[in-house]
Amino acid sequence: MCLAIPMKVVKIDGDQGMVAAGGLTRKANFILMKDIKPGDYVLLHAGFAIAKVKPEEARQTIKLIREL
Amino acid sequence: MKYIDEFRSRALTSRLISRIRSVADEGREYRYMEVCGTHTMAIFKYGLRELLPRNIRLISGPGCPVCVTPLEYLDRAIAIAGLPKVIITTFGDMLRVPGSSSTLENERAGGKHIKVVYSTDDALDIANRNTDKEVVFLGVGFETTVPTVAASIMSAAKQGIHNYSVLCAHKTMPEALGAIMAHRDARIDGFLLPGHVSAITGMKPYGFLAKRYGAGCVAAGFEPVDMLQAILMLMEQKRPIVEVQYKRIVDPLGNRLARKAIEKVFEKSSSEWRGIGKLKNSGLRIRKEFSRFDASLKFRVKTVRPREDKSCICGAVLKGIKTPVDCKLFGKKCTPADPVGSCMVSSEGTCAAYYKYGRR
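Residues numbered from 1 in each chain as written. Chains lettered and ligands numbered in written order. Predicted model: local features only at pLDDT ≥ 70, side-chain atom pairs only at ≥ 80, totals over all residues.

Focus: the overall build of chain B
From N to C terminus, chain B includes 16 helices and eleven strands. For 360 residues, the compact-globule formula gives about 21 Å, and the C-alpha radius of gyration of chain B, at 21 Å, lands near that figure. For chain B, the C-alpha atoms occupy an extent of roughly 65 × 45 × 40 Å along the three principal directions. Across the 360 residues that make up chain B, the buried fraction comes to 52%. Across chain B, contacts joining residues at least 24 apart in sequence account for 76% of those joining residues at least 6 apart. (Helix = DSSP H or I, 4+ residues; strand = E, 2+ residues; numbered from the N terminus. Rg over C-alpha atoms; globule rule 2.2 N^0.38 Å. Buried ≥ 20, exposed ≤ 12 C-beta atoms within 10 Å, placed from the backbone. Contact = placed C-beta atoms within 7 Å.)

What about the nonpolar core?
Grouped together as the largest cluster of nonpolar side chains are 135 residues, with contacts concentrated most on Val42 and Ile50 of chain A together with Ala77, Phe191 and Leu192 of chain B. At seven residues, the largest contribution of residues to this core is made by helix H12 (residues 224-236) of chain B. Residues in contact with Ile50 of chain A, not counting those within four places in the same chain, are Ala4, Leu32, Leu43 and His45 of chain A together with Thr144, Pro147, Ala199, Ile200, Asn255 and Ala258 of chain B. (Core = buried A, V, L, I, M, F, W, Y, C linked by C-beta atoms within 7 Å.)

Description of the sheet that holds strand E8 (residues 216-220) of chain B
Residue and element names in this part refer to chain B. Pairing is parallel across the open sheet formed by five strands, whose spatial order is E2-E1-E7-E8-E9. With one partner strand each, in any of the chains shown, strand E2 (56-63) and strand E9 (242-244) form the two edges of the open sheet. Mean inter-strand twist for the sheet, computed between neighbouring axes without regard to direction, equals 25°. Pairing of strand E1 (residues 30-36) with E2 involves six bridges; the strand directions are parallel. Counted as the bridge partner of Tyr32 is Leu58 from E2. Against the sheet, helix H2 (residues 37-45) engages E1, E2, strand E7 (190-194) and E8, with an angle of about 120° to E1. Contacts from H12 reach E1, E2, E7, E8 and E9 within the one sheet, and its direction differs from that of E8 by about 160°. (Pairing = 2+ DSSP bridges. Axes fitted to C-alpha atoms, helices over the stretch in contact; angles between N-to-C directions.)

A closer look at the sheet that holds strand E4 (residues 114-116) of chain B
Within a sheet, adjacent strands bond to each other through the backbone by hydrogen bonds, running parallel or antiparallel. Residues and elements named next belong to chain B. Within the open sheet, the four strands sit side by side as E4-E3-E5-E6. Their pairing is parallel. Two strands in the sheet have a free side with no partner beyond their single neighbour: E4 and strand E6 (164-168). For this sheet, the mean inter-axis angle between neighbouring strands, taken without regard to orientation, is 30°. Alignment of strand E5 (residues 134-139) against E6, held across five bridges, turns out to be parallel. When the sheet's bridge partners are listed, Val135 is paired in E6 with Tyr164. Helix-sheet contacts for helix H5 (residues 71-81) involve strand E3 (86-90), E4, E5 and E6, and the interaxial angle to E3 is about 140°.

Notes on the domain arrangement of chain B
Residue and element names in this part refer to chain B. By the assigned domains, chain B splits into domain 1 (28-63 + 173-244), domain 2 (67-172 + 254-298) and domain 3 (314-357). Between the C-alpha centres of domain 1 and domain 2 the distance comes to 28 Å. Across the boundary between the two partners, domain 1 contributes 13 residues, which contact 15 residues of domain 2. A per-class count over the side of domain 1 that touches domain 2 returns eight nonpolar, four polar and one charged. (Domains from an automatic or database assignment. Nonpolar A, V, L, I, M, F, W, Y, C, P; charged D, E, K, R; others polar.)

Observations concerning the environment of Val97 of chain B
Residue and element names in this part refer to chain B. Relative to the assigned elements, Val97 resides in the loop between E3 and helix H6 (104-109). Placed 146 residues apart in sequence, Val97 and Glu243 show a C-alpha to C-alpha distance of 35 Å. The contacts of Val97, once residues within four sequence positions are left out, are Val66, Leu74, Thr103 and Val345.

As for the interface of chain B and chain A
Contacts between the two partners involve 41 residues from chain B and, on the opposite side, 29 residues from chain A. Counting residues per element, the ones that place at least two in the side of chain B that touches chain A are helix H1 (10-23), H2, helix H4 (65-68), helix H8 (146-159), helix H10 (195-201), H12 and helix H13 (256-265) of chain B. Split into classes, the residues belonging to the side of chain B that touches chain A amount to 22 nonpolar, ten polar and nine charged.

Observations regarding the confidence of the model for chain B
On average, residues of chain B carry a pLDDT of 94, and 99% of them reach 70 or more. Predicted as a complex, the structure gets a pTM of 0.95 and an ipTM equal to 0.97. (pLDDT = per-residue confidence, 0-100.)

Quick notes on helix H16 (residues 350-357) of chain B
Residues and elements named next belong to chain B. For H16, the tally of buried residues reaches six of eight residues, placing the bulk of the element in the interior. Thr350, Cys351, Ala352, Ala353, Tyr354 and Tyr355 are the residues of H16 that are buried. Where H16 is buried, its residues meet H2, E2 and helix H15 (314-318). Looking one or two residues beyond H16, the residue adopting positive phi is Gly358, at roughly 110°.

So, unusual backbone geometry
All names here are of chain B. A positive phi angle, near 70°, is found at Tyr3, a position not held by glycine. Examined against the element boundaries, Tyr3 turns out to sit in the segment before H1. Its identity is not glycine, yet Lys85 carries a phi of approximately 60°, on the positive side. Structurally, Lys85 is set in the loop between H5 and E3.

Here's what the structure looks like:
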């Protein structure tokens, strides 16, 4: 039930906006987030953005494993 | 998809597996609980148990909201669905859960107004479009979901929507993990903490698991690379501490805005966990200030105290004390098509995962 996926912010206007991933675009509610802009990736859960994806951390995680 | 495919990479997975093999001490058993139902599903789907050395045991935890929602809640939801001019709105995974004598799916087939929604925003839309009806949302889920329900209640209050309410069975994770560790049969060395719950709560609420109970904690993502890395991190901890593997998503401080929304609308209460029992401070109820949105106060319905099947061991499974194969109903009287216990009902349930993917 806590399923959530990273989606790219396409449009944002106040609390409402559009996000996209894997060819799918859908409405998203941004009321639980601040400082989000188009191009950011957010974690979408049940129609709400609940976290911002940190690209640098994603890169670091992969780098760290490659160096094991 | 970005931020998903990279974390399913075979090259990274093999690297992690060989590292885990070299770190593992053959003389001991590592017992780690994957807390979240989504973890359980991913572990089976990607065959992670088969890839790990045999002395690393993954034990499924209580993080399947549908599984721990008491029967009585479903009976209440079904009773409310039977009232005139009511529309029940719910996430899809509640539909097939058996109450004492029926399911929401059966009730819908019988003509009751039960609509599956993807988001609480959809439920509010339905309320706006049906002002002559009462729209009830079934509020089930943990900290990941709760802020979205809190937001819907705040939004209804702000917009003056009077025909929307929530039947609340929300639960919080840290208290349940504490109860598992406090049990005398608990043999858990560490937790793969639920990544999306942690994105909201931050890491502070889990500190006591390491300090008081000596259980290592790593907030883990849901892709194979994430879970294997989290297991490796647990194995390499010198002493039990709380760490984050899922750094691209989880801020150790959590999502403050989301927590503020939760605190504004809800307050802590004791809560009944199906199969586990009543746990102090493990639930959330709607504050007095928002009581007009509380469906349990708005609709007085009678339910009888339901009886669970005595031979079902879902409780011990949810606590990680037993596994589904220890149950004599498993795969015989209890199957996904005709479930007896809650762990067989949800696709995220431990028994359903064992049934679908095999039984080690």
